[in-house]
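Per-entry structural report
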Amino acid sequence: MEDPSLQRVQRRITKLSDGEVEHEIEAVTAKGIRLLQARNGFLLCSYIVHDTVLDENGNWQPGAIATMIDIIGSLAVHSVTPKFNVSVDFTMSFYSTAKVQEEVEIEAKVVGQKGKLTSVIVDIRKKNNGEIIAMGKQWMSSTNVNSSRNQASKL
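Residues numbered from 1 in each chain as written. Predicted model: local features only at pLDDT ≥ 70, side-chain atom pairs only at ≥ 80, totals over all residues. Heavy atoms only, no water.

An unreviewed UniProt entry annotates the chain as Acyl-coenzyme A thioesterase 13 of Crotalaria pallida. The UniProt entry for the chain carries the following text under Subunit (unreviewed entry): "Homotetramer. Interacts with PCTP." (UniProt positions renumbered as here; feature names shortened; annotations may be inferred.)

Below, the structure is given as structure tokens:
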């Protein structure tokens, strides 16, 4: 993985796995995640559901699943557009869930780019039988954070 964008993604996933990120929700949600494959526009990760992301019935919380989709989807986009990206459209479908200590695979694929917009699809499946848990589709817009600070409002 010599590509600088992929190196940044790898470092970020390592920090997420170790819980060493600045946002508590990301630290709790992605703790223990492992990167299995990475190339520009594609990430495959493995994750074992832990007890801090469970609901009162012992299922992986939908909010934690949504956060995971957002995290991994944005990292896949970052692998092809290394600028600051923001979600402009985010849809999810939930089909199943997972229990504590169940292993899942999270696959994110960039499926399109148009100007500053990039589209990514994220699938989460149970590793043991391939059953789909959730699918997310996201459009992200890249922006240059530094240049927007110096611009006056047009309102």
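The subject of this paragraph is the side chain of Lys 126. Looking at where Lys 126 falls in the secondary structure, it is placed in strand E5 (residues 117-126). The exposure class assigned to Lys 126 is buried, which follows from its relative accessible area of 13%. A distance of 3.3 Å separates the side chain of Lys 126 from the backbone oxygen of Thr 97, its partner in a polar contact. The contact partners of Lys 126, leaving out residues within four places of it in the chain, are Ser 96, Thr 97, Glu 102, Glu 103, Val 104, Glu 131 and Ile 133. (Helix = DSSP H or I, 4+ residues; strand = E, 2+ residues; numbered from the N terminus. Buried < 20%, exposed > 50% of the residue type's maximum accessible area, 1.4 Å probe, protein only. Polar contact = N/O pair within 3.5 Å; in protein donor to acceptor, adjacent residues only side chain to side chain. Contact = heavy atoms within 4.5 Å.)

Right, let's talk about the UniProt feature "domain: Thioesterase" (unreviewed entry) in the chain for a bit. What UniProt calls "domain: Thioesterase" (unreviewed entry) maps, in this numbering, to residues 62-132. For residues 62-132, the helix share is 24%, the strand share is 48%, and the end-to-end C-alpha distance is 14 Å.

Here we come to helix H3 (residues 62-78). Compared with an ideal rise of 1.5 Å per residue, which puts 17 residues at 24 Å, H3 spans 24 Å between its outermost C-alpha atoms and is within 8% of the ideal. Of all the 17 residues making up H3, 13 are buried; the element is thus mostly covered by neighbouring parts of the structure. (Expected span 1.5 Å × (residues − 1).)

Inspection of the entire model under this criterion finds six salt bridges. One salt bridge connects Arg 34 with Glu 103, and the closest N-O pair in it is separated by 3.6 Å. Remark: Glu 103 occurs in strand E4 (residues 103-114) and Arg 34 occurs in strand E1 (residues 34-39); sequence separation between them is 69 residues. Given a relative accessible area of 24%, Glu 103 falls into the partly exposed group. Here Glu 131 makes a salt bridge to Lys 126, at a shortest N to O gap of 3.4 Å. Each of the salt bridges in this network shares a partner with another, and the network as a whole consists of Glu 102, Lys 126 and Glu 131. (Salt bridge = Lys/Arg side-chain N within 4 Å of Asp/Glu carboxyl O.)

In the case of a regular strand, side chains alternate between the two sheet surfaces. The element E5 is largely enclosed, with a buried count of seven among its 10 residues. Sheet analysis places E4 next to E5, joined by 10 bridges and oriented antiparallel. Across the sheet, Val 104 pairs through a bridge with Lys 126, a residue of E5. Joining the antiparallel neighbours E4 and E5 is a turn of two residues, in which Gly 115 adopts a positive phi near 60°. Here E5 runs beside strand E6 (residues 132-143); their pairing, made up of nine bridges, is antiparallel. Note that in E6 the partner of Arg 125 across the bridge is Ile 132. Once E5 ends, the chain turns through five residues before running back antiparallel as E6, passing Gly 130 with a positive phi of about 75°. (Pairing = 2+ DSSP bridges.)

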